[in-house]
Amino acid sequence: MRIRGIHHTGLVVRDLDAAVAFYGALLDMEIIGRDRWRAPDPAADSAVGLVGSSADGVMMRGSNSYLELWQYHAPDRVGDDPAERGAHELGLRHLAIEVDDVHAALDRFVELGGTRTGDPLRFDHGGDAVYCRDPFGTIIEFMSVVGTQDSLDDL
């Protein structure tokens, strides 16, 4: 077996149409596939580890990546609102997006409806990074990479 790499990130959102519009504009992405199931669907429940689930989803492509967005209609949600959880808590905590200009990306993000939570940090090697929140509570990191081996260009 050979691992080929990370294919996509999956985000669960409250409003699928709003998320598609936001990420489509932010990342210049387009929908390449749709999925939908309604309970009872034992095969879907088995695949996602739930009981009585119903969901609508899309797979988007653009900016050299894939993004999967889901809106679950059932079962009922339990737990905290993602917008209230910090970057230090367990679970998927942020989605990192490499950009050429962190400041410009942050400005565009806010223009599209995201929330600025702080100011970009400049690293000794010349790159920048900042966390912010999308309109759905997910922490997004914008990062630029200069003079290191961890750029998407190095894959």
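Cut-offs applied
- Residues numbered from 1 in each chain as written.
- Predicted model: local features only at pLDDT ≥ 70, side-chain atom pairs only at ≥ 80, totals over all residues.
- Heavy atoms only, no water.
- Buried < 20%, exposed > 50% of the residue type's maximum accessible area, 1.4 Å probe, protein only.
- Helix = DSSP H or I, 4+ residues; strand = E, 2+ residues; numbered from the N terminus.
- Pairing = 2+ DSSP bridges.
- Salt bridge = Lys/Arg side-chain N within 4 Å of Asp/Glu carboxyl O.
- Arc of directions from axis to C-beta.
- Contact = heavy atoms within 4.5 Å.

Novice: What should I look at first to understand the pairing of strand β5 (residues 94-98) in this one?
Specialist: Working note: regular strand, side chains alternate between the two faces of the sheet. Taking every second residue as pointing to the same face, the buried face of β5 carries L95 and I97, while none of H94, A96 and E98 on the other face is buried. The sheet contact formed by β5 and strand β9 (residues 139-143) spans five bridges and is parallel. Of the residues in β9, the one forming a bridge with L95 is I140.

Novice: Explanation requested: the pattern of salt bridges in the structure shown.
Specialist: Pairing between side chains of opposite charge can happen when the charged atoms of each approach one another. Under the counting rule described, the total for this entry stands at seven salt bridges. For R36, the salt bridge is made with D56, and the minimal N-O distance between the two is 3.7 Å. Of this pair, R36 sits in strand β2 (residues 30-37) while D56 sits in strand β3 (residues 54-62), and the two are 20 residues apart along the sequence. Given the relative accessible area of 56%, R36 is considered exposed. Here D56 makes a salt bridge to R38, at a shortest N to O gap of 2.8 Å. Of this pair, D56 sits in strand β3 while R38 sits in the loop between β2 and α2 (42-48), and the two are 18 residues apart along the sequence. A relative accessible area of 14% means that D56 is categorised as buried. Residues participating in the shared-partner salt-bridge network are R36, R38 and D56.

Novice: What is the right way to look at helix α3 (residues 102-111) in this model?
Specialist: Here α3 has its buried residues at V102, A105, L106 and F109. Angular distribution of buried residues about the axis of α3 spans 100 degrees; they occupy a single face of the element. Its buried side turned inward, α3 meets α1 (16-27), β6 (115-116), β8 (128-133) and β9. Once α3 finishes, G113 follows within two positions and takes phi at roughly 120 degrees, a positive value.

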